Amino acid sequence: MTTSPGPQEAHHDPVKPKHVPAAAGAPDPYFPNSGDHRFRVHRYELALDYRPGPNRLGGSARLSAVANAALAEFALDLAEFRIGRVLVDGKAARYTHRGGKLRVRPAKALTAGAAFTVEVHYSGNPRPVRSPWGGLGWEELTEGALVASQPVGAPSWFPCNDRPADKATYQIAVTTPSPFTVVASGRLLTRTTRASSTTWVYEQSAPTSSYLVTVSIGHYLPVPLTERPAVPQTGYVPERLAASFARDFGRQPAMMAYFTEVFGPYPFGEYAVVLADEELDVPVEAQGVATFGTNHLGGGWERERLVAHELAHQWFGNSVTIADWRHIWLNEGFAKYAEWLWSEHAGGPAAATHAAAAHSLLAGLPQDLRLADPSRKLMFDDRLYQRGGLAVHALRCALGDVAFFGMLKDWASIHRHGVVATADLVGHASRYTEASLTDLFDAWLHRPELPPLPGGPDVPRWRQGLQRWYGRSADDR
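So, a few notes on the structure that sits alongside this text.

Conventions and cut-offs
Residues numbered from 1 in each chain as written. Predicted model: local features only at pLDDT ≥ 70, side-chain atom pairs only at ≥ 80, totals over all residues. Heavy atoms only, no water. Buried < 20%, exposed > 50% of the residue type's maximum accessible area, 1.4 Å probe, protein only. Helix = DSSP H or I, 4+ residues; strand = E, 2+ residues; numbered from the N terminus. Arc of directions from axis to C-beta. Contact = heavy atoms within 4.5 Å. Pairing = 2+ DSSP bridges. 1 Å grid on protein atoms, 1.4 Å probe; cavity = no way out; pocket = protein on both sides within 12 Å on 5 of 7 lines; lining within 4 Å. Points joined across faces, edges and corners; volume = space filled by probe spheres on them. Nonpolar A, V, L, I, M, F, W, Y, C, P; charged D, E, K, R; others polar. Core = buried A, V, L, I, M, F, W, Y, C linked by side-chain atoms within 4.5 Å. Salt bridge = Lys/Arg side-chain N within 4 Å of Asp/Glu carboxyl O.

1. What about helix α8 (residues 422-430)?
- Taken together, the buried positions of α8 are Thr-422, Asp-424, Leu-425, His-428 and Ala-429. Within α8, the buried residues cover an arc of 155° as seen down the axis, which keeps them to one side.
- Check the buried side of α8 and you find it contacts α4 (328-345), α6 (382-399), α7 (401-414), β22 (419-420) and α9 (438-446).

2. Let's talk about the sheet that holds strand β11 (residues 168-177)
- If you walk across this open sheet you meet the 8 strands as β5-β4-β8-β2-β1-β11-β14-β13, and the pairing is mixed. Two strands bound the open sheet, and with one partner strand each, they are β5 (91-92) and β13 (187-194).
- Here strand β1 (residues 39-51) runs beside β11; their pairing, made up of 7 bridges, is parallel. When the sheet's bridge partners are listed, Glu-45 is paired in β11 with Gln-171.

3. What to know about the pairing of strand β17 (residues 233-237)
- Counting buried positions along β17 gives 4 out of 5 residues, so the element sits mostly inside the fold.
- Bridging between strand β16 (residues 221-224) and β17 involves 4 bridges; their strand directions are antiparallel. Bridge pairing in β17 links Leu-221 to Val-237.
- Pairing of β17 with strand β18 (residues 271-275), which is carried by 4 bridges, proceeds in the parallel orientation. Within β18, the position partnered with Thr-234 by the bridge is Ala-272.

4. So, empty space enclosed by the protein
- Throughout the structure, instances matching the rule amount to 3 cavities of 30 Å³ or more.
- The volume enclosed by the largest cavity comes to roughly 80 Å³.
- Lining the largest cavity we find Leu-362, Pro-366, Gln-367, Asp-368, Leu-369, Arg-383, Arg-387, Pro-448 and Leu-450.
- Here the lining of the largest cavity is built from residues that sort into 5 nonpolar, 1 polar and 3 charged.

5. Considerations on the nonpolar core
- Ranked by size, the top nonpolar core spans 87 residues in total, and within it Phe-259, Phe-263, Trp-315 and Trp-329 carry the most contacts.
- With 10 residues, α4 is the largest single contributor of residues to this core.
- Sequence-distant contacts of Phe-263, defined by excluding residues within four places in its chain, comprise Ala-312, Trp-315, Phe-316, Ala-338, Leu-341, Leu-408, Lys-409 and Ala-412.
- Judged by nonpolar contacts, the second largest core, of 60 residues, contains Leu-48, Cys-160, Val-183 and Val-215.

6. Regarding the pairing of strand β15 (residues 215-218)
- Neither face of β15 is exposed, since Val-215 and Ile-217 on one face and Ser-216 and Gly-218 on the opposite face are all buried.
- In the sheet, strand β10 (residues 144-148) pairs with β15 via 2 bridges, with the strands oriented antiparallel. Pairing of Leu-146 across the sheet is with Ser-216, part of β15.
- Examined bridge by bridge, strand β12 (residues 181-184) and β15 share 4 bridges and lie antiparallel to one another. Note on β15: the bridge partner recorded for Val-182 is Ile-217.

7. Quick word on the pattern of salt bridges
- Under the definition given, this model contains 20 salt bridges.
- The salt bridge partner of Asp-49 is Arg-51, with a shortest N-O separation of 3.0 Å.
- Ionic pairing is found between Lys-101 and Asp-77, a salt bridge with its closest N-O pair at 2.8 Å. Placement of the pair is Lys-101 in strand β7 (residues 101-105) and Asp-77 in strand β3 (residues 74-77), with a sequence separation of 24 residues. Residues Lys-101 and Asp-77 agree in their burial class; the two are buried.
- Sharing partners across several salt bridges, the network here consists of Glu-302, Arg-305, Lys-336 and Glu-339.

8. Quick word on unusual backbone geometry
- The residue after Gln-150, namely Pro-151, is reached through a cis peptide bond having omega 0°.
- If you trace the backbone, Pro-151 turns up in the loop between β10 and β11.
- With phi around 55°, Asn-55 is a residue other than glycine that occupies positive phi space.
- When you line up the elements, Asn-55 lands in the loop between β1 and β2 (56-67).
- Phi angles above zero are rare outside glycine, and His-417 is one such case at about 60°.
- Inspection of the secondary structure assignment puts His-417 in the loop between α7 and β22.

Here it is in structure tokens:
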């Protein structure tokens, strides 16, 4: 078994960089109509009632916020619900609601730096927000619902300031018929049954982006993945699939232990995995929760790597969050490289072997993607994932393992629950070597042409090694 050097071997004293406030700045360049940078939210309290049969959602949202500037009005993102009333600091406010924007005019203008609350009561039939990638957000299932909001689907189910940099804490209370189980972001505080309905209350105390808040409603059986875990890990699965889930996700606790070693402490209190009773195109990332479909069972490397990828996002994307969507490679590149690190650690092909396969793939595809600013059209292109993993591997080759793993762990620690941009990584990594990294970052992040394979032009027998690994089940490994 190959074990990567641990970050404890590094001997650097990282300096925490200075940052502008998380919600400050200009509108997101890829989604300029999402969010309102003139204020920031520090807490959401959602009280929702959902009836799965008619797909009816109603409730209230209370947002505690701070004005970044003097505001005669401000805007929240909210899809096509009926509005009951809107209050600002407990007083009725005027509002308009169209085009996915709830524009609120308080009875008294807000001064710069003022703390305020806004309360919205709403109801309707939630449905996904339309986007170039299909419907995003609240999705009605055959029995139940799930939320998959990345990047701009959160307004499909609650009013929010839908910007990745505007991170807040959440309390989420969901009332639904008692046969259903509710899984939401955070720790379950209470579960109260009255008559035929049950209210589930979750608290997410770590700062969370709106697109990373989730709810799943379905007929689920809780399946603990370990008896005495350092981090509680629970699956919520259809009862008939419990045994398959326990087998196919059985290596997740070992992944958690390894990622904690190389990335630092798990940044949240618990980790839940929902197995929706549906087929899903891809797993769904959320803070403290990952959602998979029934088609993601079956074992083999292609499924196991998805388990590693979603778990790695808890560090890279969820705890360490991008300032805007131009920097999406910071989420996906590090999560992709985490797949390769897990393979290397678990006795499969080394990260260099996976890097060679990715490089070979990219060499035959169009080279028109700039990693540091891919464009909205290409932000979820598979080439971004592969090239992002290669960029991280190139950094490892340039720094050497001791400095690289120290850099990696410090990156997750310094920016824990924070907001970052590509320039932050460039500055951070440069502290771990006396050599200039300018050419490396320029080639991998800012130029579309594919640079040479990091670590040398030839990784012997990489194709055969990957083919053997892909064909083996978890039981064989």
